[in-house]
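# Chains, contacts and geometry: an overview
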Amino acid sequence: MPETWAKGDLDLHLDLDCTRVRASLETALRAAIRTGRLHPGTRLPSSRVLAADIGVARNTVAEVYSQLVAEGWLTAQTGSGTSVAPRRAADPSPGVQARQQVDVPRYDLRAGVPDLSAFPRRAWLATARKVLAAAPAHLLGYPDPRGLPPLRAALAEYLARTRGVTADPGHIVICAGFAHGLAAVSRALRSAGAGTLAVEAYGHHAHRDIAAGQGLRLCPVPVDGMGAVIAEASGTDAILLTPAHQFPLGVALHPRRRREAAAWGGVVIEDDYDGEFRYDRQPVGALQALAPGQVVYAGTASKSLAPGLRLGWLVVPPRLLDAVTAELAAGPSGIDQLTLAEFITSGDYDRQVRRARLVYRRRRDRLAMILNGQELRGQGLGISGIAAGLHAVLDCSGPRRERDIITRAAEAGLALDGLERFRAGAGVRGTDAERAGLVIGYSRPPEHAYTTALARLRAVLAQ
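Computed from a predicted structure; not experimentally measured. Numbers given for residues are sequential positions, taken from 1 along each chain in its written order. Where local features are concerned, this predicted model is filtered to residues with pLDDT of at least 70; where side-chain atom pairs are given and counted, the filter is 80 or more; whole-chain, interface and lining totals use all residues. To obtain the side-chain values, all non-hydrogen atoms of the structure were used and water was disregarded.

### Re the pairing of strand S12 (residues 267-271)
Along S12, five of the five residues are buried, which leaves the element largely enclosed by surrounding structure. Relative accessibility thresholds used throughout: buried, under 20% of the residue-type maximum; exposed, over 50%; partly exposed, between the two (1.4 Å probe, protein chains only). Only DSSP runs of H or I covering at least 4 residues are called helices, and only runs of E covering at least 2 are called strands; the numbering of each starts at the N terminus. Of the two faces of S12, the one holding Val 267, Ile 269 and Asp 271 and the one holding Val 268 and Glu 270 are both buried throughout. With four bridges connecting them, strand S11 (residues 238-241) and S12 associate as parallel partners. Looking across to S12, one finds that Ile 239 is bridged to Val 268. When the strands point away from the viewer, a crossover counts as right-handed if the route from the first strand across the helix to the second turns clockwise. In this region the chain leaves S11, passes through helix H9 (residues 255-263) and returns to the parallel neighbour S12; the handedness of that crossover is right-handed. Strand pairing requires that DSSP identify at least two bridges connecting the strands.

### Side note on unusual backbone geometry
Pro 248 follows Phe 247 through a cis peptide bond whose omega is 5°. Position of Pro 248 among the secondary structure elements: in the loop between S11 and H9. Even without being glycine, Arg 310 reaches a positive phi, approximately 55°. Relative to the assigned elements, Arg 310 resides in the loop between strand S13 (295-300) and strand S14 (312-315). Residue class for Arg 310 comes out partly exposed when judged on its relative accessible area of 37%.

### Let's talk about the packing of helix H2 (residues 47-54) against helix H3 (residues 58-71)
Orientation is described by lines fitted to C-alpha atoms, with helices fitted over the stretch in contact, and by angles between N-to-C directions that extend from 0 to 180 degrees. Contact geometry for H2 and H3: axes closest at 8 Å, N-to-C directions at 125°. With respect to H3, the axis of H2 lies oblique. For the pair H2 and H3, the sense of crossing is right-handed. Touching Ser 47, Arg 48, Leu 50, Ala 51 and Ile 54 of H2 are Arg 58, Val 61, Ala 62 and Tyr 65, all from H3. Under this grouping Gly is polar, as are all residues other than the nonpolar Ala, Val, Leu, Ile, Met, Phe, Trp, Tyr, Cys and Pro and the charged Asp, Glu, Lys and Arg. Classifying every residue of the contact of H2 with H3 by side-chain character gives six nonpolar, one polar and two charged. Should an angle fall under 35 degrees it is called roughly parallel, over 145 degrees roughly antiparallel, and 65 to 115 degrees roughly perpendicular, with every other angle called oblique. The hand of a helix crossing depends on one turn: near helix anticlockwise from the far one by less than a right angle means left-handed, and clockwise means right-handed. Note on contacts: a residue pair qualifies if any of its non-hydrogen atoms lie within 4.5 Å across the two residues.

### Focus on the sheet that holds S11
Strand pairing in a sheet relies on backbone hydrogen bonds, with the paired strands running either antiparallel or parallel. Strand order in the open sheet made by the seven strands is S6-S14-S13-S12-S11-S7-S8, with mixed pairing throughout. In this open sheet, the two strands that pair with only one neighbour each are strand S6 (172-175) and strand S8 (217-221). Across the sheet, the axes of successive neighbouring strands diverge by a mean angle of 20°, strand direction being ignored.

### Focus on the sheet that holds strand S16 (residues 391-395)
The sheet built from four strands is open, its strands ordered S15-S16-S19-S18 with antiparallel pairing. Here the strands that pair on one side only, and so sit at the sheet edges, are strand S15 (382-384) and strand S18 (417-418). The pairing of S16 with strand S19 (residues 437-441) spans five bridges and is antiparallel. Within S19, the residue paired with Ala 392 across the bridge is Ile 440.

### A closer look at the nonpolar core
Core analysis: the largest hydrophobic core is formed by 28 residues, its most contacted members being Leu 109, Leu 367, Leu 414, Leu 416, Leu 438, Ile 440 and Leu 457. Looking at this core, the elements that each hand over two or more residues are helix H12 (348-371), S16, helix H13 (399-411), S19 and helix H14 (447-462). Broken down by element, the residue count for this core peaks at seven residues, all from H14. With residues up to four places along the chain from it excluded, the contact list for Leu 438 reads Ala 392, Val 393, Leu 394, Cys 396, Glu 402, Ile 405, Ile 406, Leu 416, Asp 417, Gly 418 and Leu 461. By size, the runner-up hydrophobic cluster in this structure holds 27 residues, among which are Leu 182, Leu 314, Val 316 and Leu 321. Put simply, a nonpolar core is a bunch of buried Ala, Val, Leu, Ile, Met, Phe, Trp, Tyr and Cys residues held in one set by side-chain atoms that sit within 4.5 Å of each other.

### What about the layout of surface pockets?
In this model, the largest pocket occupies a volume close to 740 Å³. Detection works on a 1 Å grid of protein atoms alone, calling trapped sets that fit a 1.4 Å probe cavities and calling open sets with protein on both sides within 12 Å along at least five of seven lines pockets, with lining residues defined by an atom within 4 Å of a point. As for the largest pocket, its lining consists of 37 residues, of which Gly 112, His 204, His 207, Phe 247 and Lys 303 are closest to the centre. Put simply, the parts of the chain that give the lining of the largest pocket at least two residues each are helix H7 (178-191), strand S7 (196-200), helix H8 (205-213), S11 and S13. Within the lining of the largest pocket, the residues separate by chemical class into 15 nonpolar, 11 polar and 11 charged. Grid points are joined across faces, edges and corners, and a volume is the space filled by probe spheres set on the points.

Written out as structure tokens, the structure reads:
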């Protein structure tokens, strides 16, 4: 069956039978509309253009159009041509509706995502227009695998100023978020002969899966009131840490432990996932500054702007730079890189961080007021990890209590996560190995929904 193409106002792919042209044309157009290849409102080529392109008489096409108009597949108006008729979308099955109700809670207090409605759309759009108007043509081609030089230069200055990072632009590589960067670093380590990665006993299970998927064997190390127990990483080739604000427990790595990590012989991957957000304490600088020759520093714009931008960065020691760069692929678009570079150098990024920090501090204070309220006293609930970041930990009396609260919250349309979700599993040791509690993210809900989310949380905890 030969394939033909109609080329007029619209490129239209049709499979036609040369011996039964009219019937096969009707069938092909019905199938294209039914399967969604031709959307409602799509304007079809004129009968003259389509007839010329597929090599049939114009009357044949006109008759097919008339037949499909009569059947309701197409609409035709004088002066407006022939278009695909509107169609009512098929009702989703009950199973699909049930999954949507579970997967998209009305109120969400899970950690890890900022308030997406607070993204600075107007400022970002104005910046994007500015850089597009001024960008040299060569910057719009295939980018350097390490990222565009303007962004790497802007980040070197910004990270040194705000996080104390020792960074030459030549040692910075741009990635599409932390997960993308972690996968590249894990592959580079594996290629260099590394076999084991120490991970904090509490952390993102997705990050552990990424590292394990690149062939690294994971060794969980305990986390206590001073942060990760660095001594327990002895014998491993690398360690993944969240030293400024341990995720999810919220403790900052103690200065003694920071020195131990800096003096440790292996590679340290520092996830500085929310380093811009601190409230009741002086900012804790990046661990990377203590040992720039062995620490891979990772940051992103996911919390300060939005995860959907897929913009992150790695500051890589010189000895790993070529290996990590070789493993990076399909990074962020050059336009987004140029926009972020200008956003940083113009001061808009700093202003956005300061605005967000003020909003999230107020939200944290409202959450703390509820959790410390009189009606919740005496229930064995203690709040911690609130001096920085975008979430708090509410300790519970035991795992059963944790699971009961999460279940009741779900019944009330409120999504919560417990510490159990973040525990590394069987290899966990130490005093916090069986710690129970809720990880409450106060950044995710839009402002208009936050008050109701807190009210539901208070009601669930009071039961």
